[in-house]
Structures are given as C-alpha cells and as structure tokens.
Amino acid sequence: YHGIDAVVDGLDGKLYLDPEETVLAELVQKKEACGRERAELEKLIGLDNVTRDGRKINVYANIGSPEDVDKVLLNDAGGIGLFRSEFLYLGREDYPSEEEQFEIYKEVLSRMEGKKVIIRTLDIGADKQVDYFKLPKEENPAMGYRAIRICLDRIDVFKTQLRAIVRASAFGDVRIMFPLITAVEELREGKALVEEVKAELREQGVEFNENIPVGIMTETSAAVMIADILAKESDFFSIGTNDLTGYTMACDRGNDDVAYLYSPLQPSVLRGIKYIIDCANKNNISVGMCGEAAANPMMVPLLMSFGLTEFSVSAPSVLKVRKTISAWSKAEADKVAEKVLAMTTEKEISDYLKTLL
C-alpha cells in the first residue's frame, strides 16, 4: 500500500485506504464535528463537577505513566483515580528499583499539587505478562496467579513497591489500592505489609504520611458478595467494571462468540455495582469507579443514583463526564435507576437508556 492515501477513523476504529471522495467528505465533516464538540467541552475547564441540583461529584483521571499527567492537567481532572503501576514493570528486562519507583511516584504527586492520587499496586498476570517474573504458564490465567496473589507470594517485590509509595507520600495525597481482592485475608495481609514498611521507614528516620489510606479494587464476584465485610476494613473502594463484568458474566471480552454478554448494563452487573456502593456508603468510605463504564453516558445517571462519589476515566473523557453530570439532578437520576432496576434484560435496559441521550 505504499504511496496511497489512508484515513483513520478513531471513533469507529476503521482504516480507510484510498477512500472515495464521498467517504472522505463524510470523514472531514466528522472531524470538524469533533472539533466543535471539543471547543464546547473546553468551556467547562475550571468549573466544578456539579449536578443540576448542585451536588458535587469528583471526576478523576486514569494514568499509566508520569507522561500522562500532562493530559490529566490539560483536561482539568480533580485528581488521579487510578495509576496503573504495572506499566513501570512492563517493557523492561528487570525489576524497577525502589529508588526508580519512588522518583516516578514523587514526580506524579508533585505535579498534581496536593490532589488525590490513587496508586494501584502491581497488577500483572492474565493478559499482562512480564518475562523476568517467570510466571508459570496457565490454562486460565485470568482465574490464576495474578495481581495481589503474586504480590503476597513475592513479598520482596511487593515491599519494594510499598516502600516507594510510602516514601512518596511525603510529597502529596497518595492512596494505596490493592487489585483483585477476593478474600478479607488478602486485604489484611496487604495492610500488615504496609504497616511493616512504615515501621521500617520510621526506624530509618524517613518522613511519610502516617495515615495513608489503603483501599481495594472491587472487581470480582467474591468482592461483591463480601463487600459489607471489606468495607469495614478498607478506607475506600474503587469499582473495576472491566473485570467485574467479565467475572460476573463468565465471559472474555476479547472473545467475539460471547461478546454479547459483556456489558455493564447486564442486570447482574448493575446489581453488583449498586451493592458495592451501598456497602461503601453505609460504612462512610468513598467509592469510585475506574472502569470504562464510568465514562459511559448511559451509566452516569445510574451511578449518580446509586451514590457513587468518584468517577475516574481516561483524561480525554473528563470533560464529557462533567457535562453529563451537569445534565442530571439526583431526583431525575433516581427515577431512571428505579425503572432500570425493575428491568430484566440488558437489551431492555440499553434500549431505554438510549432514549435518554
């Protein structure tokens, strides 16, 4: 295809090779419409995330590296709701040192100037393989040796990361989040290691925040079922809808044959989300969502009604979510949620919510 024109439609995920004039004209119009939409969204920069009836809701951004902070600031996010720390471990030949991690966390916290930054501890395994970890081959890695299970097994690696995060806490508002929690013992073991690290640093005379909040990703059916227990021992919850949907529906989103099942609008997934939020609110801990569903305009009124306190989305989606939130009052969202929770199929729910956009 050397020497011919190509156009990428990022909205639909399509590549056009040597497009016809009519197709090219349509794509140009699409691009211009996106530009106009972006210009309107930029008018929201500097404003609060407020519902129609004046309720404030936090909207944060997800990042995977320090370079992503530029987009977070550009899009006026209120903080970082998910720092995917595993990207510090990917694309290299050996473990990142404590000092290397500390400098990266410190840089992000310093640039955020006191805004909340939630760092998810190492989440590898499943679809994120790292050669130097020498992880065993598994027939079903999504259900196997991954995330917090690796960390609690390879404590030296985990403590290196925790030391870096705790040290960085002297430079900003950092929170520690454990991924893939399925049992309260995992949370307790993780918290005990945080306290062990703090004791070591205290003895060494290193400054840090003595009261670093420690929370969990609620992204498994197990976490849903014991959310009431976990809420009593967590400082916060963050709902990871990507894995939660997959585990709840027993489907792989990358498998076209079962893709029809993969939707956060499935009644079972929505009920799980609501229960997680209910348990968090009853125990007076914050509850956010950092999965893709948090940016879905059909989900926003439901999440508002359920009582979600924090949305965390990709940086370019921050202003879109701000706009969507401003279009709803709590009372209006409650009416929508009441109807949705009485529905029995994903199609019925989806079709109804589409009429509201």
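Residues numbered from 1 in each chain as written. Predicted model: local features only at pLDDT ≥ 70, side-chain atom pairs only at ≥ 80, totals over all residues. Heavy atoms only, no water.

Enquirer: Break down the overall build of the protein chain for me, with residues and values.
Expert: Within the protein chain one finds 14 helices and 10 strands. Computed over C-alpha atoms, the radius of gyration of the protein chain comes to 21 Å, within 12% of the 21 Å expected from 2.2 N^0.38 for 357 residues, which places it in the range of a compact globule. Principal-axis analysis of the C-alpha atoms gives the protein chain an extent of 70 × 55 × 45 Å. Counting over 357 residues, the protein chain shows a buried share of 49%. In the structure as shown, the protein chain presents an accessible area of about 17500 Å², 50% of it carried by carbon and sulfur atoms. Across the protein chain, the 44 positively charged side chains and the 60 negatively charged ones have centroids separated by 5 Å. (Helix = DSSP H or I, 4+ residues; strand = E, 2+ residues; numbered from the N terminus. Rg over C-alpha atoms; globule rule 2.2 N^0.38 Å. Buried < 20%, exposed > 50% of the residue type's maximum accessible area, 1.4 Å probe, protein only. Areas by Shrake-Rupley, 256 points an atom, 1.4 Å probe, with all protein chains shown as cover. Lys, Arg positive; Asp, Glu negative; His and termini not counted. Charge placed at Lys NZ, Arg CZ, Asp CG, Glu CD.)

Enquirer: If you had to explain the nonpolar core to someone new, which residues and values would you point to?
Expert: Formed by 97 residues in total, the largest nonpolar core has its most connected members in Phe133, Phe237, Ile273, Leu302 and Phe311. Among all residues touching Leu302, those that are not within four sequence positions of it are Leu265, Leu270, Val336, Ala337, Val340 and Leu353. (Core = buried A, V, L, I, M, F, W, Y, C linked by side-chain atoms within 4.5 Å. Contact = heavy atoms within 4.5 Å.)

Enquirer: Give a detailed account of a nonpolar patch on the surface, specifying residues and quantitative values.
Expert: A grouping of Ile4, Val8, Leu15 and Leu17 is seen on the molecular surface, where their side chains present a nonpolar patch of about 360 Å² in accessible area. Within the fold, Ile4 resides in the segment before strand S1 (6-9). Residue Ile4 is classed as partly exposed on the basis of its relative accessible area of 36%. (Patch = residues over 30% accessible without salt bridge, like charges linked within 9 Å, V, L, I, M, F, W, Y side chains within 5 Å. Salt bridge = Lys/Arg side-chain N within 4 Å of Asp/Glu carboxyl O.)

Enquirer: Give a detailed account of the sheet that holds strand S7 (residues 214-218), specifying residues and quantitative values.
Expert: In a beta sheet, neighbouring strands pair by backbone hydrogen bonds and run either parallel or antiparallel. As summarised here, the arrangement of the 8 strands in space is S3-S4-S5-S6-S7-S8-S9-S10, forming a closed barrel in which the pairing is parallel. When the angles between neighbouring strand axes are averaged without regard to direction, this sheet yields 30°. By the bridge criterion, 3 bridges tie strand S4 (residues 80-84) to strand S5 (residues 117-120) in an arrangement that is parallel. In the strand pairing of S5, Phe83 is matched with Ile119. (Pairing = 2+ DSSP bridges. Axes fitted to C-alpha atoms, helices over the stretch in contact; angles between N-to-C directions.)

Enquirer: How would you sum up the layout of surface pockets? Please name residues and give values.
Expert: If you roll a probe as big as a water molecule over the atoms, it shows you where there is empty space left. Estimates place the volume of the largest pocket at around 910 Å³. Taken together, 36 residues line the largest pocket, and the ones lying closest to its centre are Asp127, Asn242, Asp243, Arg253 and Tyr262. If you list the elements that add at least two residues to the lining of the largest pocket, you get S4, helix H9 (241-249) and strand S10 (310-314). Take the lining of the largest pocket: its biggest share by element is 5 residues, from H9. Grouping the amino acids of the lining of the largest pocket by side-chain chemistry returns 14 nonpolar, 10 polar and 12 charged. Lining the second largest pocket are Leu11, Cys34, Glu37, Arg38, Leu41, Pro316, Lys320, Lys323 and Thr324. Elements with a contribution of two residues or more to the lining of the second largest pocket: helix H1 (21-42) and helix H12 (318-326). (1 Å grid on protein atoms, 1.4 Å probe; cavity = no way out; pocket = protein on both sides within 12 Å on 5 of 7 lines; lining within 4 Å. Points joined across faces, edges and corners; volume = space filled by probe spheres on them. Nonpolar A, V, L, I, M, F, W, Y, C, P; charged D, E, K, R; others polar.)

Enquirer: Outline the pairing of strand S8 (residues 236-239), supporting the account with residue identities and numerical values.
Expert: Neither face of S8 is left uncovered, since the one carrying Phe236 and Ser238 and the one carrying Phe237 and Ile239 both have all their residues buried. Inspection of the sheet shows S7 paired to S8 by 3 bridges, in the parallel sense. Bridge pairing in S8 links Thr218 to Ile239. In this structure, S8 lies alongside strand S9 (residues 286-289), joined through 4 bridges in parallel fashion. Counted as the bridge partner of Ser238 is Gly288 from S9.

Enquirer: Could you give me a rundown of the packing of aromatic side chains, with the residues and numbers involved?
Expert: Summed over the entire model, instances satisfying the criterion amount to 7 aromatic pairs. Within the aromatic cluster, the residues linked to one another by ring pairs are Tyr89, Tyr95, Tyr132 and Phe133. Over the ring of Phe102 we find Arg167; its NZ or CZ atom is 4.0 Å from the centre of that ring. (Phe/Tyr/Trp six-rings, centres within 6.5 Å; stacked < 30°, edge-to-face > 60°. Lys NZ or Arg CZ within 6 Å of the ring centre and 35° of its normal.)

Enquirer: Quick one: what's the story with the pattern of salt bridges, residue by residue and with numbers?
Expert: Under the criterion given, the structure shown has 29 salt bridges. With a closest N to O distance of 3.0 Å, Glu40 and Lys43 form a salt bridge. With a relative accessible area of 46%, Glu40 lands in the partly exposed category. Residue Lys43 is classed as exposed on the basis of its relative accessible area, which comes to 56%. With a closest N to O distance of 2.6 Å, Lys159 and Glu196 form a salt bridge. Of the two residues, Lys159 sits in helix H5 (residues 155-168) while Glu196 sits in helix H6 (residues 184-203), which places them 37 residues apart along the sequence. Look at Lys159 and you get buried, because its relative accessible area is 14%. Overlapping salt bridges bring together Glu98, Glu99, Lys159, Arg163, Arg167, Glu196 and Glu200 as one network.

Read these as spatial facts, not as claims about activity.
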